[in-house]
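An overview of the molecular structure
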Amino acid sequence: MEIIFYSAKRYDHEYFNLLNRKYQHKLRYVEDRLTSKTVDLIKQESVVCVFVNDVLDQEVLSLLAQQDVKLIALRCAGFDNVDLNAAKQFGIKVIRVGSYSPNSVAEHALCLMLALNRKVYKSYNRVKSGNFSIDGLLGFDFSGKTIGIIGTGKIGLVLSRITQAMGMRVIAYDLVKNPECKKLGIEYVSIDTIFSQSDVISLHCSLNARNRHFIDASALEKMKDSVMLINTSRGAIIDTCAVIEALKSKKIGYLGIDVYENEQGLFFEDLSCQTIKDSVFNSLLSFPNVLITSHQGFFTKNALENIANTTLNNIQKFEQGDNLSDEELC
């Protein structure tokens, strides 16, 4: 099939071209994000492959239908940027990568935890400038602390295993309890118990209309003082303005985020020679106990190979009229 890739980076070219040797689809890449203004970049492709910050609202989907697009292939697991009702209305099927590498995201969450606790980023910069003092770098043992994991799908399960092996007490909240977590002895508790008992809270839930700004001022007020908050899921799950106030009051002692609710046009771009005009994001950057990475939790060789292979295989299934699994369909 003929496929146009929006928001395509060098690594997309590399891994999709490599895996496409097996499938022989016709691939074309554009750097632009998909918006109503870039739909006209489509030539004769019937498949549009997109990423997390491409726009797939009713207006864009209507324009895609006019271009005779039959399939939207998300090269990610989340689909909160897609108006699924509109896609159905216009007869466009939407598929995704249900699971590419839970380990990559879980390990990145752990990376944020360790770097924040032991202040690795501060130590690195000090040593580079010849400052070998360890004053101000004091951390704590994770062993014996309680981590609350919100969302116990595949990523939450992996992080549960890792942190349990570190000697942490793991408690969890999810609307659907994962039997694998139960086998590990993970205790499912109420969300208020997560907030009140956790020294570390890590978010691993998909974004939907019900949980947008789930971590708001009210939720933060219920948390322990100096709580560590980690978000590698979707930015809009936390109310960033409320989090900034909690950082000011020291309710949040450590914040590690790989996602940001207004990351479109910011993350995945090199803006090092530009002024960042997002005042909320600039405020986050001003705190010494905040660590931000630019949506790189998925970014491992293993994950990129799996994303490319699964996406191309799903497109082939669609082309051949084969049934797609519930995990592959949106």
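Shown above is the structure to which this text applies.
Now for a description of the structure that goes with this document.

Calculation rules
Numbering of residues begins from 1 in every chain and follows the order in which that chain's sequence is written. Residues qualify for local features only when their pLDDT is at least 70, as the model is predicted, and side-chain atom pairs are given and counted only at 80 or more; totals for whole chains, interfaces and linings, by contrast, use all residues. Think of the side-chain values as coming from all heavy atoms in the structure, minus any hydrogens and water. Counted as salt bridges are all cases of a side-chain nitrogen of Lys or Arg within 4 Å of a carboxyl oxygen of Asp or Glu. Each helix is a run of H or I in the DSSP string that is no shorter than four residues. Each strand is a run of E no shorter than two, and both are numbered from the N terminus. Contacts are assigned to residue pairs that have any heavy atoms within 4.5 Å of one another. Put simply, buried Ala, Val, Leu, Ile, Met, Phe, Trp, Tyr and Cys residues joined by side-chain atoms within 4.5 Å make one nonpolar core. Working definition: with a 1.4 Å probe on protein chains only, accessible area under 20% of the residue-type maximum means buried, over 50% means exposed, and in between means partly exposed. Under the rule applied, a polar contact is a pair of N or O atoms within 3.5 Å (in protein, one hydrogen donor and one hydrogen acceptor; residues adjacent in sequence only if both atoms are side-chain atoms). Disulfides are defined as cysteine sulfur pairs within 2.5 Å. Throughout, an axis means a line fitted to C-alpha atoms (over the contacting stretch in the case of helices), and angles, computed between N-to-C directions, take values from 0 to 180 degrees. In what follows, roughly perpendicular refers to angles from 65 to 115 degrees, roughly parallel to angles under 35, roughly antiparallel to angles over 145, and oblique to any angle outside these ranges. Handedness of a crossing is defined here by the sense of rotation of the near helix relative to the far one, left-handed for an anticlockwise turn of less than a right angle and right-handed for a clockwise turn. Here the nonpolar group is Ala, Val, Leu, Ile, Met, Phe, Trp, Tyr, Cys and Pro; Asp, Glu, Lys and Arg are the charged ones; every other residue, Gly included, is treated as polar. When DSSP finds two or more bridges between two strands, those strands count as paired. By convention, orient the strands away from the viewer: a clockwise path from the first strand over the helix to the second makes the crossover right-handed. Centres within 6.5 Å make a pair out of two Phe, Tyr or Trp rings, where for Trp the six-membered ring is used; the pair is then stacked when the planes are under 30 degrees apart, edge-to-face when over 60, and tilted otherwise.

**A few points about the pattern of salt bridges**
- Counting across every chain of the model gives 14 salt bridges.
- A salt bridge links E245 to K248; the nearest nitrogen and oxygen atoms lie 3.4 Å apart. Taken together, the positions of E245 and K248, both in helix α10 (residues 240-248) and three residues apart, correspond to about one turn of that helix.
- Salt bridges sharing partners connect three or more residues here, namely R161, E180 and K183.

**Let's talk about the side chain of S202**
- Relative to the helices and strands, S202 resides in strand β9 (residues 200-203).
- Residue contacts for S202: discarding those within four places in its chain leaves A109, I147, G148, I149, I150, L159 and I230.

**A closer look at unusual backbone geometry**
- Here the phi dihedral of Q24 falls at roughly 60°; this positive angle occurs in a residue that is not glycine.
- Note on placement: Q24 falls in the loop between α1 (10-23) and β2 (26-29).

**Examining the nonpolar core**
- Counting residues in hydrophobic clusters, the biggest one holds 50 residues, and the most contacted among them are L34, V48, L56 and L64.
- Considering each element in turn, this core owes the most residues, six residues, to helix α12 (residues 301-320).
- In contact with V48, other than residues within four places in its own chain, are I4, Y6, L34, I42, L64, V69, L71, I72 and A73.
- In terms of nonpolar packing, the next biggest core, distinct from the first, is built from 34 residues, C205, A236, F281 and F287 among them.

**Observations concerning α10**
- Where α10 is concerned, the buried positions are T240, A242, V243, I244, A246 and L247.
- Along its buried surface, α10 packs onto α9 (217-221), β10 (227-231), β11 (252-257), α11 (279-285) and β12 (290-292).
- With a side-chain oxygen lying 3.2 Å from the backbone nitrogen of C241, the N-terminal cap of α10 falls on D239.
- Positive backbone phi, at 70°, marks K250, one or two positions downstream of α10.

**Concerning the state of the cysteines**
- Across all of its chains, the model carries zero disulfides by this definition.
- There is no disulfide at C181, and the cysteine sulfur nearest it, in C205, is 14 Å away.

**Brief notes about the packing of helix α4 (residues 102-118) against helix α6 (residues 154-165)**
- Following both chains from N to C, one finds α4 and α6 inclined at 50°, their axes separated by 8 Å at the closest point. If you check the angle between α4 and α6, you find them oblique. Here α4 and α6 pass one another in a crossing that is right-handed. Touching P102, N103, V105, A106, E107, A109, L110 and M113 of α4 are K154, I155, V158, L159, I162 and T163, all from α6.
- Per-class residue counts for the contact of α4 with α6 are 10 nonpolar, two polar and two charged.

**Regarding the pairing of strand β4 (residues 71-74)**
- Burial of the side chains of β4 extends over both faces: L71 and A73 are buried on one face and I72 and L74 on the other.
- Bridge analysis of strand β3 (residues 47-50) against β4 gives four bridges, and the strand direction is parallel. The residue of β4 that forms the bridge with V48 is I72.
- You can see the chain leave β3, run along helix α2 (residues 58-66) and come back into β4, and the turn it takes is right-handed.

**What about the packing of aromatic side chains?**
- Per the counting criterion, the structure on display carries 11 aromatic pairs.
- The rings of Y11, F51, F268, F298 and F299 are connected pair by pair, giving a single aromatic cluster.

**Considerations on the pairing of strand β6 (residues 146-150)**
- The element β6 is extensively covered by neighbouring structure, given that five of its five residues are classed as buried.
- Alternating residues of β6 divide into T146, G148 and I150 and I147 and I149, and every residue in both groups is buried.
- Examined bridge by bridge, β6 and strand β7 (residues 169-173) share five bridges and lie parallel to one another. Among the inter-strand pairings, T146 is bridged to a residue of β7, identified as R169.

**Digging into the environment of K222**
- Relative to the elements of secondary structure, K222 occurs in the loop between α9 and β10.
- On the basis of relative accessibility, which here comes to 40%, the residue K222 falls in the partly exposed class.
- For the pair K222 and D192, spaced 30 residues apart in sequence, the C-alpha to C-alpha distance is 7.2 Å.
- Every residue in contact with K222, bar those within four places of it in the chain, is listed here: D192, F195 and S196.

**Quick word on the sheet that holds β6**
- Spatial strand order, β8-β7-β6-β9-β10-β11-β12: seven strands in an open sheet with parallel pairing. Across the chains shown, the open sheet's two edge strands, defined by having one partner strand only, are β8 (187-188) and β12.
- Across three bridges, the pairing between β11 and β12 is parallel. Along β12, the bridge assignment pairs I257 with I292.
- Where α6 meets the sheet, it contacts β6, β7 and β9, and its direction lies at approximately 175° from that of β6.
- Running over the sheet, α10 touches β10, β11 and β12 and is turned about 140° from β11.

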